[in-house]
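Residues per chain, in single letters:
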Amino acid sequence: ELSKRKFEQYLSKQQYSVRYIINKLRMRGLTTDGLKEEIKAARQNEYDVALLIVEKKNFNLGNERDKILRFLAGKGFSSEIILKIFDGALNIDDS
């Protein structure tokens, strides 16, 4: 099915949140009804994808917090995921 292929294609890029991908599919006129299991599995990896994006972009977690927040929000990541990124950085810095 086209929806599943496109979902997996966007997901494999590791550049977007699940919410962003779902919105992209809907804008293309594709349904996400048959993707419940794939969406559930992808949501469990969202933190890892967001962290990977931050690492790829070489953001400085200490100095570029606002920039990171806007960037990840633009990619569709929830504030919960974004805050986890910052909390993880604080825990690393405290060690």
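The numbering scheme is per chain: residues are counted from 1 as the chain's sequence reads. The predicted nature of this model means local features are confined to residues of pLDDT at least 70 and side-chain atom pairs, given and counted, to a pLDDT of 80 or more, with totals for whole chains, interfaces and linings taken over all residues. Side-chain measures were taken over the full set of non-hydrogen atoms in the model, leaving aside hydrogen atoms and water.

Runs of E in the DSSP output that reach at least two residues are strands. Runs of H or I that reach at least four are helices, and both are numbered from the N terminus. Counting secondary structure elements, the protein chain contains six helices and zero strands. Start at the N end of the protein chain and walk to the C end: the helices and strands fall as α-α-α-α-α-α. Across its three principal axes, the protein chain shows a C-alpha extent of roughly 45 × 20 × 20 Å. A simple rule labels every residue: compare its accessible area, found with a 1.4 Å probe on the protein chains alone, to the largest value its type can have, and call it buried under 20%, exposed over 50%, or partly exposed in between. When the 95 residues of the protein chain are sorted by exposure, 33% land in the buried category. For the protein chain, contacts bridging at least 24 residues in sequence account for 57% of all contacts bridging at least 6. Side chains of the protein chain give 18 positive and 14 negative charges; the mean places of these two sets differ by 9 Å. We call two residues in contact whenever any of their non-hydrogen atoms come within 4.5 Å of each other. His residues and chain termini do not enter the charge count, which takes Lys and Arg as positive and Asp and Glu as negative. By convention, the point assigned to a charge is CZ for Arg, NZ for Lys, CD for Glu and CG for Asp.

Attention shifts here to the pattern of salt bridges. Salt bridge, as used here, is a side-chain nitrogen of Lys or Arg placed within 4 Å of a carboxyl oxygen of Asp or Glu. Tallied over the full model, the rule gives two salt bridges. We note a salt bridge from Lys4 to Glu38, for which the minimum N-O separation is 3.2 Å. Taken as a pair, Lys4 in helix H1 (residues 2-12) and Glu38 in helix H3 (residues 36-43) lie far apart in primary sequence, 34 residues in all. Classification of Glu38 as partly exposed rests on a relative accessible area of 22%. Ionic pairing is found between Glu64 and Lys67, a salt bridge with its closest N-O pair at 3.8 Å.

Once that is clear, we can look at the nonpolar core. The tendency in soluble globular proteins is for nonpolar side chains to be buried as a group. If you look at the biggest cluster of nonpolar residues, it comprises 12 residues: Val49, Ala50, Ile53, Val54, Phe59, Ile68, Leu72, Phe77, Ile81, Ile82, Ile85 and Phe86. Contributing elements (two or more residues each) for this core: helix H4 (46-56), helix H5 (65-74) and helix H6 (79-94). Setting aside chain neighbours within four positions, we find Phe86 in contact with Leu61, Arg65, Ile68 and Leu69. Working definition of a nonpolar core: buried Ala, Val, Leu, Ile, Met, Phe, Trp, Tyr and Cys residues. They are joined through side-chain atoms within 4.5 Å. In terms of nonpolar packing, the next biggest core, distinct from the first, is built from 11 residues, Phe7, Ile21, Leu25 and Ile39 among them.

Moving on to the packing of aromatic side chains. Think of it this way: a Phe, Tyr or Trp ring, Trp meaning its six-membered ring, pairs with another when their centres are within 6.5 Å, and the plane angle makes it stacked under 30 degrees, edge-to-face over 60, tilted otherwise. For the structure shown, the criterion picks out three aromatic pairs. Consider the rings of Tyr10 and Tyr16, whose centres lie 6.0 Å apart with planes at 80 degrees: the pair is edge-to-face. When sorted by exposure, Tyr10 lands in the same class as Tyr16, which is buried. Centre to centre, the rings of Phe59 and Phe71 are 5.5 Å apart; their planes meet at 65 degrees, and the pair counts as edge-to-face. In this pair, Phe59 sits in the loop between H4 and H5 while Phe71 sits in helix H5, placing the two residues 12 residues apart along the sequence. Put simply, the rings of Tyr10, Tyr16 and Tyr20 pair up and form one aromatic cluster. Across the ring face of Phe86, the terminal group of Arg65 is positioned such that the distance to the ring centre comes to 4.1 Å. Consider the ring centre and the ring normal. A charge sits over the ring if Lys NZ or Arg CZ is within 6 Å of that centre and within 35 degrees of that normal.

All right, on to the side chain of Ser17 then. Summarising the element assignment, Ser17 is placed in the loop between H1 and helix H2 (18-27). Throughout this description, a polar contact denotes any pair of N or O atoms lying within 3.5 Å of each other; where both atoms belong to protein, one of them has to be capable of donating a hydrogen while the other can accept it, and for residues adjacent in sequence the pair is counted only when both atoms sit in side chains. For Ser17, the side chain forms a polar contact with the main-chain nitrogen of Tyr20, separated by 3.1 Å. One polar contact links the side chain of Ser17 to the main-chain carbonyl oxygen of Gly76, over a distance of 2.7 Å. Contacts of Ser17, omitting those with residues within four sequence positions, involve Glu46, Lys75, Gly76 and Phe77.

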